Structures are given as C-alpha cells and as structure tokens.
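Observations on the model geometry
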There are 2 protein chains.
Amino acid sequence: MENELHSLESIIEKNLSGHDLEEFNRIYYGRRDNLPLKLKESSFAAAEEGNFDVAGYAFPAALEHTRPPRIVRLAVVQHSLGTSTDKPVHEQRQAIYEKVKRIIDVAGEEGVNILCLQELWSLPYVFCTREKQPWCEFAESAEDGPSIKFLSELAAKYNMVIISPILERDESHGDVLWNTAVVISETGAVLGKHRKNHIPRVGDFNESTYYMEGNTGHPVFETRYGRIAVLICFGRHHSLNWMMFGNNGAEIVFNPNATTAAEGGSKWMWNIEARNAAIHNTYFTAAINRVGYETFPNEFTSGDGKPAHKDFGLCYGSSFFCGPDGVRCPGLSRVRDGLLIAEVDLNKNRQIADRRCYRMTQRLDYYVQSLSKVVELDYKRQIISEFEKQ
Amino acid sequence: MENELHSLESIIEKNLSGHDLEEFNRIYYGRRDNLPLKLKESSFAAAEEGNFDVAGYAFPAALEHTRPPRIVRLAVVQHSLGTSTDKPVHEQRQAIYEKVKRIIDVAGEEGVNILCLQELWSLPYVFCTREKQPWCEFAESAEDGPSIKFLSELAAKYNMVIISPILERDESHGDVLWNTAVVISETGAVLGKHRKNHIPRVGDFNESTYYMEGNTGHPVFETRYGRIAVLICFGRHHSLNWMMFGNNGAEIVFNPNATTAAEGGSKWMWNIEARNAAIHNTYFTAAINRVGYETFPNEFTSGDGKPAHKDFGLCYGSSFFCGPDGVRCPGLSRVRDGLLIAEVDLNKNRQIADRRCYRMTQRLDYYVQSLSKVVELDYKRQIISEFEKQ
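Overview of the structure. (Residues numbered from 1 in each chain as written. Chains lettered and ligands numbered in written order. Predicted model: local features only at pLDDT ≥ 70, side-chain atom pairs only at ≥ 80, totals over all residues. Heavy atoms only, no water.)

Details of the overall build of chain A
Using the following cut-off: Runs of E in the DSSP output that reach at least two residues are strands. Runs of H or I that reach at least four are helices, and both are numbered from the N terminus. To sort residues, take the accessible area from a 1.4 Å probe on protein chains only and compare it with the maximum for the residue type: under 20% means buried, over 50% means exposed, and anything in between is partly exposed. In short, Shrake-Rupley with a 1.4 Å probe defines the accessible areas, and a residue's cover is counted only from the protein chains shown. None of His or the chain ends enter the tally, which takes Lys and Arg as positive and Asp and Glu as negative. To locate a charge, take atom NZ for lysine, CZ for arginine, CG for aspartate or CD for glutamate.
Regarding its fold elements, chain A presents ten helices and 19 strands. Overall, the C-alpha framework of chain A stretches about 65 × 55 × 45 Å when taken along its three principal axes. Taken across its 390 residues, chain A has 64% of its residues classed as buried. As displayed, chain A has an accessible area near 14,300 Å², and 49% of this comes from carbon and sulfur atoms. Within chain A, one finds 44 positive and 52 negative side-chain charges whose respective centroids are separated by 5 Å.

A few points about the sheet that holds strand β5 (residues 176-184) of chain B
Residue and element names in this part refer to chain B. Here is the rule: In short, DSSP must find at least two bridges between two strands for them to pair. To get an axis, a line is fitted to the C-alpha atoms, and for a helix only the part in contact is used. The angle between two axes follows their N-to-C directions and goes from 0 to 180 degrees.
A sheet is described by the order of its strands in space; here seven strands give the open sequence β1-β18-β2-β3-β4-β5-β6, paired in mixed fashion. Each end of this open sheet is capped by a strand with a single partner; those strands are β1 (53-59) and β6 (190-195). Each adjacent strand pair in this sheet contributes to an overall mean axis angle of 25°, direction not counted. Note: β5 against β6, five bridges, orientation antiparallel. Across the sheet, residue Val183 finds its bridge partner in β6, namely Gly192.

Considerations on the pattern of salt bridges
Pairing between side chains of opposite charge can happen when their charged atoms approach one another. Here is the rule: A carboxyl oxygen of Asp or Glu within 4 Å of a side-chain nitrogen of Lys or Arg is what we treat as a salt bridge.
Following the criterion strictly, the structure yields 48 salt bridges over all chains and no others. Connected through shared salt-bridge partners, Glu22, Glu23, Arg26 and Arg32 of chain A make up one network.

Concerning the layout of surface pockets
To keep it simple, the criterion reads: Only protein atoms enter the 1 Å grid used here. Points where a 1.4 Å probe fits but cannot escape make up a cavity, open sets with protein on both sides within 12 Å along at least five of seven lines make up a pocket, and a residue lines them when an atom lies within 4 Å of a point. Grid points are joined across faces, edges and corners, and a volume is the space filled by probe spheres set on the points. Each residue gets one label: Ala, Val, Leu, Ile, Met, Phe, Trp, Tyr, Cys and Pro are nonpolar, Asp, Glu, Lys and Arg are charged, and the others, such as Gly, are polar.
Space inside the largest pocket adds up to approximately 770 Å³. In terms of lining residues, the largest pocket is bounded by 34 residues, among which Arg355 of chain A together with Phe205, Thr260, Ala262 and Phe312 of chain B are the most central. At the level of elements, β8 (205-206) and β15 (309-311) of chain B are the ones that each hand at least two residues to the lining of the largest pocket. The residue makeup of the lining of the largest pocket, split by class, is 13 nonpolar, twelve polar and nine charged.

So, the packing of aromatic side chains
The description of an aromatic ring pair uses the distance of the two centres, along with the angle that the planes make with each other. The condition that has to hold: Between rings of Phe, Tyr and Trp, where Trp is taken as its six-membered ring, a pair exists when centres lie within 6.5 Å; planes separated by under 30 degrees are stacked, by over 60 edge-to-face, and by other angles tilted.
Applying the stated rule across the entire model yields 40 aromatic pairs over all chains. Both rings, one in Trp135 of chain A and one in Phe296 of chain A, keep their centres 5.6 Å apart while their planes meet at 80°; by these two values the pair is edge-to-face. A residue pair is termed long-range when its members are at least 10 positions apart, and Trp135 of chain A in the loop between β3 (114-116) and α5 (146-158) and Phe296 of chain A in strand β14 (residues 295-300) qualify at 161 residues. Phe296 of chain A carries the same exposure label as Trp135 of chain A, and that label is buried. Between the aromatic rings of Tyr97 of chain B and Phe150 of chain B, the centroid separation amounts to 4.5 Å while the plane-to-plane angle is 10°, which identifies the pairing as stacked. In this pair, Tyr97 of chain B is assigned in helix α4 (residues 89-109) and Phe150 of chain B in helix α5 (residues 146-158), connecting sequence segments 53 residues apart. Both residues of the pair, Tyr97 of chain B and Phe150 of chain B, count as buried.

Overview of empty space enclosed by the protein
Vacant regions in the atomic arrangement are exposed by a probe of water-molecule size rolled over the atoms. Enumeration over the complete set of coordinates arrives at nine cavities of 30 Å³ or more. Forming the walls of the largest cavity are 19 residues, and the residues nearest its centre are Leu8, Tyr28, Lys267 and Trp270 of chain A together with Ile27 of chain B. Among the secondary structure elements, those contributing two or more residues to the lining of the largest cavity are α1 (8-15) and α7 (267-281) of chain A together with α2 (18-28) and α7 (267-281) of chain B. Looking at the lining of the largest cavity element by element, the count peaks at five residues for α7 of chain A. Considering only residue class, the lining of the largest cavity consists of nine nonpolar, five polar and five charged.

Comments concerning α4 of chain B
This is how it is decided: To estimate the expected span of a helix, count its residues, drop one, and scale the result by 1.5 Å.
For α4 of chain B, spanning 21 residues, the distance from its first C-alpha to its last is 30 Å, which sits close to the expected 30 Å at 1.5 Å a residue. Directly after α4 of chain B, the chain includes Gly111 of chain B, whose backbone phi takes a positive value near 75°.

A few points about unusual backbone geometry
Residue Pro134 of chain A is reached from Gln133 of chain A by a cis peptide bond, and omega for that bond is 0°. The topology assignment puts Pro134 of chain A in the loop between β3 and α5. The phi torsion at Asn51 of chain B lies on the positive side, around 60°, for a residue other than glycine. Relative to the assigned elements, Asn51 of chain B resides in the loop between α3 (41-50) and β1.

Right, here's the structure in full:
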C-alpha cells in the first residue's frame, strides 16, 4: 500500500500551480476552483485519529424566483476491512462496524442528510475466491439483519438517510441471496430496497455464482431530502440502467462499487461512466468504491494463466461526486479510508435540463421502436455495404 | 488565440515527468506510454509549412490463433476557416478546400485508410447568427456537390475512405436542408450518407432553424477497411444513439463536432462522452471538433443577457481517438489545425467484448419492455415514497 499512488489529484497538486492548475481544473473538473466546504476542526481531528481522510465540496446553483434553494448534504464512505479474513464472520463484521461508525459519526456531526456506503460494505469482497463457506454467512436480512439494525440507530440519531449495500439473504423466497442496497430513512425505518440489475461476467469473474440479476426494477426513493436511486457496481457499464433511474425521477444516483484495477473495472474508466451518466441524465451522481487490498485464507486462480494467489488486487477508492452539468469534485484517495461530503443545490438539475434539453431531444419513442426490432432473433442490421453496391 | 491554452496535454507535459507522468498517463489515458506512431519526416515538414499539427498513436491488440490482425489507419482532421466570413461563398469554400487538401495530402502519404473531417467542414459554423443568407448557399448535394467532387478525387487518389460532414440540400425532396455525413469509398464513389439524428436546443441555440432530425436511421457502412458509422455532434449526448450504431455492427464510430466552450458543449465533457460510448458499446470512437474563433459580419445576441457580439466563442479542437477498452490517445490542440492518425487493430473490439461481456449482460429485452412503458402518456414512475409509507 505504501508504494501506491495516493490519487491523480495528488499528482496534480504536487506538480501544478497558478494558471496551469486553474486551466487543468477547468478542463478536467469543469471549474477553476473546486469550492471546498468548510468542515469542523473536530472532523479533521476525528479523521486523523481514525486514520481516514475527510473532504467536502460545494455544488451550488443559481437563485430562482419561485423556488427556494434545495440544499442537501450528501456523503459517501469508502473503507477497508477492519480485521483479517481468517477471523470468525461475526468478528470481521464487528470490526467493520467499529470502523464505519467512526466515519458516520463525523458525517452526522457535519449535518449530512444522505449517506451511502460502498458495495457489500459489511463483508470482504469474497467472490474472487468462488468459495461458499464461510462467506455466505455474511448474507443477512434486508429488513432486520445486523447491518440494518446497526445503521438504523445511526440514521435515527443523526436524522440521516443511509444507503446500505449488503449481501441479502431472502428467507421468505427460498433463502436465496441478492446483492441489495437497503435505503434506511432518517427515522431509522427501512424505506425500501433495490437489487443489483446487472451481474459481472468479466473474464472468469462471475458473481452469478452467488446471486442473480435483481427483480426490483429501477426504484426511486422519495426521501425527506430528495429523490434518490442506487445503481450497484457493474450496472454502471449499462447506459439504459442509468437512464431508467432518470426516467423514474431520480435526482441523485448513488453508484456503490467494489472494483479493482483489473481491466473490467479499470481505473481509467472510473472518471468516465458516473460522469457521463450525470451528463446524459441531468442528475447528480456519486461514484463510490471500496478501498484496499483484501487477502483471503486460501489461494485461488483468476482464469488469466497466472499462478494461484490470495488477493484480488487493489480496490482503488477514488470516490467522487458529479453534478448534472458534468462538473465533478476531486476524489478521495486510491488507498485510504475516507468520507467525502458534497453540499449540493438540487435546483441545479432543472436548471441544466431547461438549458440543455437533452430529455426533450432524446426521441425515446423512436428508440423504443428501433430497439424492439433489435431484440428480435431475425433482426437485420442496417448495413450499407461497399461490396453489395459494386 | 495566442493567450489560449494549447491543450490539457501540454500542461501535463510541461509539468510532469518520470513516475508522476507515467501514473497520470495510466489513470487518465489508460496506459503508461502513449505509443506514438513513427510518422514521416516529410509529414512534419508539410505540417510546419501548412501551419498545422500532425501526430499519430498505435492501438494494438493481442495476436489471435485464427484471425490475422486487422490493422487499419484512421485519421481525423480539425481545421479553422480559410478566409474571413464576409468573402463570397465560393471564395470561402475554396479557401477551406486548399487548407484541407494540404492536410489530406499528408494523410494520404501516411497511408491512412479512413479519414473523417469535422462537422460542416466546408462552411463556417453559421447557425449562431440565425441569418439565412448567404449561409444557406453553402448547402450542397450529397451526391455530386462541390465538396463531394473535391473529396472524391482525393479518396480515389489515396485509396482512402473519406467521411464528409456537410450541409446538404436535398433537391429531390422539396429542396430541404439536412446536416449530413457523406461516406465516400476509396474508389471515389459515394457509398451512402447519414443525417444527424438529434438537433441541438441549448439555451437559445437551436439548429432546427436550419434543418430537422435526420431520417436515415443508424446506418453502418461496410467498407474495405472496416464497418464504420458517423454520429454527428449533439447526438453524442444521447446514449441510445451510440448504442444503435453498435447494434448495427459499427466497429468505429466517428463523431464529428462543432462545439464551443459554452456550457452545452463544454470542454470538461469532451473527454467523457465519446469515451463512455467506446466503453459501453465496445467499439473504437473518434471525437472530432472544429477549431478556432469564427467571426461574422453582423452582430447577434445569444439569449444570455449579454451584449450583441460577432463571434460564437472558441471551438476548442482537442480531437482524439478512444479504443473499446476506454484507452485514449492524447488529443490535438485546442487552438491549432491538426491531423491525428491512429493505427488500430480492429481485433481489439472482439477481444474486449469477449472479456467484459457488456452486450451479453445488457438485458436489452427487459429495457425494451421498460422503455415501452416510459413513453406512454400515463406512465407511472416507480417511486417508493417515505411520505406515503408513514
């Protein structure tokens, strides 16, 4: 970990200054100055003690005549494991809870309204092992499992909506597993859940060994602070997935991930997809990635001709927020735990939509017709061939 | 122009070196080294004389057992006007031809197989004026207009497929105008055309004053060198547009633009959309933008409360190529004319598709059903509300 680069941002900060830095920020982030939020001294002290980073940025909007600003504080958390993966399941989980509680406490003190944890936050990212035991023991109820109980208390304490992406065990439907994000309202009650829509098959890495494509559609959760959706991990590679959450009225789409530097979840794609989604759908997005190397008790291969190994590579963190105009803030570290806060004015969505008219010009009815043909088995592609012509 | 930044790349080259530069390249471009193509001395000499830049990069693929490599040389051209916009139409056009011929000659000598020009390359980007005369005189036949004749000769001379995005006048259907890309095969014959699918309405800027949404679907052109498509300008904001060209079998999608630093075509979105499209659809993309400030004889306003003016702002060039894995090459300048060459192995597309399985996991039939409901007037959004629940 010590040799790993902290972040692209850290390279830029170290080497650029003055006009060059301003111009880089303008072209890369979308603004010359990244508008830091003023956070409390106590937050930085708690972060130092807990060995995580904390940062915050503002995403303002223009004042309107008829609507007051809709200022909401959002936060995302990226964290590594709390202890080694050869410990008993409950010990591993408890160690994560303790780590995450420290971070959520800071978010609570900063007045965060909606917070999202990383994908499968309450367990190691075990799927690379292809072992079922003991890992399936981490699966839990989306109604009253230990992780939900743990977060419900914090949600109620801080009046905070908390999104909890877990491995769900659905006892009432044949005891099957799902990759599920549970939305806990600021009262501490479970508001609802969404199950991951697209399951990775990348090289030999196939999460459908553990759970299948979700059956919850594209729900949007109307909370006291705004309409939110959760698009889980691999679904970020599918434009239609992002689009459907927009069609259902999402104002903020949280995208919790567990992705490594392997090709399928590659770091050079990290800045692209959640940002493209924000632009094309005119909503805020939050890209969240777990962080750190996770090592497992038994060795496994990865279908790449390389020797058996015990780790899955670096989950590279780098969580960030993006506005509906495509403007993003600097990301968290590639290697350290962190809390990233964004103070956003949700009025920005409509302001950008009214200006850019992407929905108005999208011709959705036309594409419904086109795609209806594409899915037919005998679809004939629209090809104009040089060879047929001559 | 002299105070304008040359490119984001130039900031990086100036300030970064060694490990920092490698790491920036790895995270930003997707590779540590940008694999420059060795170009001829005569190309650099011609570029210097013609006052444009020339650069080339390789996009290799792995060797396969059963398919030979499919190496193709692609090129894009970005250029400013040849003379001032108060000159007679034919003089303006001739000046552009002379400038573009110099650049295509270099591409020809470098063995380029497929070349794409910028949007509406044979005229100034006049729509900001909202004047009809003399600008509509630039419209021409997509079969045998002067620009097609000019390029047909060069295409045949260099055995080069040339994509010519023009303002089309369709005499055989009521003399209407279209924003059209004409594909000229390497024989010099017109292979076919595509008309722009989505028309900008951004702020007061509305190109449907001049032409309407195209009626040519999403054609893919099967040429001697590969299957290509052309997605024109504003259509890049629409994920389904990119997707349909992929569904029809495109291996390379050229995206010619005329976009300025105004919000709707903002520079910080430039690196995002053509790259996201390459990733989500597993094909090569080329993002092409015209370059320079264009000034018009009469002043006009832009619906932004600012005083009347005579220019539309900087078209910021920055043309680049991206592979199906999301790896891109450095872009051309923000301010200078240029020729960018990419030597790509088209086998890369299938290699990435087989590895990442994005098509296989896209659930298109499911989305056809969902979107069919969305377009109904009485669509009820899937919202889980905290307020209804309590």
